[in-house]
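# Topology and contacts: notes
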Amino acid sequence: MVKKDASKKISKKNIIKNSLPKKTIAKKDSKNNISININNNPSNVNKAENNVIIKENVIHHVDDKKAFLIIGASIILLLIFFYFLFVYSPYKYSFVVNDVSFNSNYYTPNSFFNIIKNEKTVYVSPALQENNISPIMVNSMQLWNIVLNYNKINVIQLIRVYEDGELKYCQTNNGSLEVSDMVNSEECNAIINDSNWIILINEGKPSVIIEKNKVIVSSRVDDSSLINFMVIKSIFPNAQEILDLVNQKIYGVK
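Cut-offs used in this document
Residues numbered from 1 in each chain as written. Predicted model: local features only at pLDDT ≥ 70, side-chain atom pairs only at ≥ 80, totals over all residues. Heavy atoms only, no water. Pairing = 2+ DSSP bridges. Helix = DSSP H or I, 4+ residues; strand = E, 2+ residues; numbered from the N terminus. Axes fitted to C-alpha atoms, helices over the stretch in contact; angles between N-to-C directions. Contact = heavy atoms within 4.5 Å. Salt bridge = Lys/Arg side-chain N within 4 Å of Asp/Glu carboxyl O. Patch = residues over 30% accessible without salt bridge, like charges linked within 9 Å, V, L, I, M, F, W, Y side chains within 5 Å. Areas by Shrake-Rupley, 256 points an atom, 1.4 Å probe, with all protein chains shown as cover. Phe/Tyr/Trp six-rings, centres within 6.5 Å; stacked < 30°, edge-to-face > 60°. Expected span 1.5 Å × (residues − 1). Buried < 20%, exposed > 50% of the residue type's maximum accessible area, 1.4 Å probe, protein only. Parallel < 35°, antiparallel > 145°, perpendicular 65-115°, else oblique. Nonpolar A, V, L, I, M, F, W, Y, C, P; charged D, E, K, R; others polar. Disulfide = S-S within 2.5 Å.

Right, let's talk about the sheet that holds strand S4 (residues 100–104) for a bit. Pairing is mixed in the open sheet, where 9 strands are placed in the order S3-S4-S10-S11-S9-S5-S6-S7-S8. The open sheet has two free edges, formed respectively by strand S3 (93–97) and strand S8 (181–184), since each of these has just one partner strand. Direction aside, neighbouring strands of the sheet carry axes that sit 20° apart on average. Note: strand S10 (residues 207–210) against strand S11 (residues 214–219), 4 bridges, orientation antiparallel. The partner of Ser 207 across the bridge, within S11, is Ser 218. Those strands touched by helix H5 (residues 185–192) are strand S5 (121–129), strand S6 (154–163), strand S7 (166–172), S8, strand S9 (197–203) and S11, and its axis lies near 95° from that of S8. Contacting S3, S4, S9, S10 and S11, helix H6 (residues 224–235) runs over the sheet at an angle of about 145° to S11.

The next point concerns the pattern of salt bridges. Counting across every chain of the model gives 1 salt bridge. Linking Arg 220 and Asp 223 is a salt bridge whose minimum nitrogen-to-oxygen distance equals 2.6 Å.

A word on a nonpolar patch on the surface. On the surface, Ile 71, Ile 75 and Leu 79 cluster together into a nonpolar patch covering about 300 Å² of accessible area. Among the secondary structure elements, Ile 71 is positioned in helix H2 (residues 42–87).

Within the structure shown, the criterion is met by 5 aromatic pairs. The structure contains a cluster of three or more aromatic residues connected by ring pairs, namely Phe 95, Phe 102, Phe 112 and Phe 113.

With that out of the way, let us pick up helix H4 (residues 135–150). An ideal rise of 1.5 Å per residue puts 22 Å on 16 residues; H4 measures up with 22 Å between its terminal C-alpha atoms. Of the residues making up H4, those classed as buried are Met 137, Ser 140, Met 141, Leu 143, Trp 144, Asn 145, Val 147 and Leu 148. Elements in contact with the buried residues of H4: S5, S6, S9, H6 and helix H7 (239–251). Phi for Lys 152, located one or two positions after H4, is positive at around 60°.

We now examine the environment of Pro 135. Residue placement: Pro 135 occurs in helix H4. Along the sequence, Pro 135 and Val 221 sit 86 residues apart, while their C-alpha atoms lie 9.4 Å from each other.

Okay, the packing of H6 against H7 next. Running from N to C, H6 and H7 cross one another at 120°; their axes reach a closest spacing of 8 Å. It follows that H6 is oblique to H7 by the angle criterion. Contacts from Phe 229, Ile 232 and Lys 233 of H6 reach H7 at Ala 239, Gln 240 and Leu 243. Split into classes, the residues belonging to the contact of H6 with H7 amount to 4 nonpolar, 1 polar and 1 charged.

This brings us to the state of the cysteines. Simply put, the disulfide is a covalent bond whose two ends are the sulfur atoms of two cysteines. Evaluated as defined, the whole model comprises 1 disulfide. Bridging Cys 170 to Cys 188, the disulfide has an S-S length of 1.8 Å. Its S-S torsion of about -70° marks the bond between Cys 170 and Cys 188 as left-handed, since a negative value means left-handed. Highlighted residues: Cys 170 in strand S7 and Cys 188 in helix H5, separated in sequence by 18 residues. Residue class for Cys 170 comes out buried when judged on its relative accessible area of 0%.

Shown next, in the form of structure tokens:
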């Protein structure tokens, strides 16, 4: 019997071992939840790392895009807010006199100063609070009464009485100093919405709104007389002269 060469046996084993497929090892990247297959090939490891970097860059790109969209939308909303707050006006004509805004959809700044002058009758209607009547609001009404009467315009007082923000009733003199009639809120609103010219003296943010047949003068209570007299002088240039004459007759002031 002839013995086989031992070296040949070893060589055969090596051939068999080298011919087997290389063992594949699976590793998991816990940080990015991505599985990477490594088969003892450095180039495959580099490819896997590159894939991780690319995916992370895509995520960052998406997050940046969302951030820009949110910032852009916020800026647009802010611009819209400031536009409606400082620029937008529901009125065609607006102008400011002595820090008081005049607004109208019916009269230009020039034509506004010619209203009322040719009217035969004008209502003057201050808003008063039940059980808390402001003498300043009453004085505002009297300023209109005096100037209108001196300019030969018949004045009808229509005092609106409110309680908790609700119109309770009105008192009117029907154009006579000897009359004081009470009318309910429905009748009062009917008079206000009639075709006659009416001056509404209200408490609120200083402003003057000129509607088709209404002048709505709003101001703080303490400034009511001042604001209303300013509006009166805008319409009637002789208002100061008239007031001086009245004060002279009543108080002897020269």
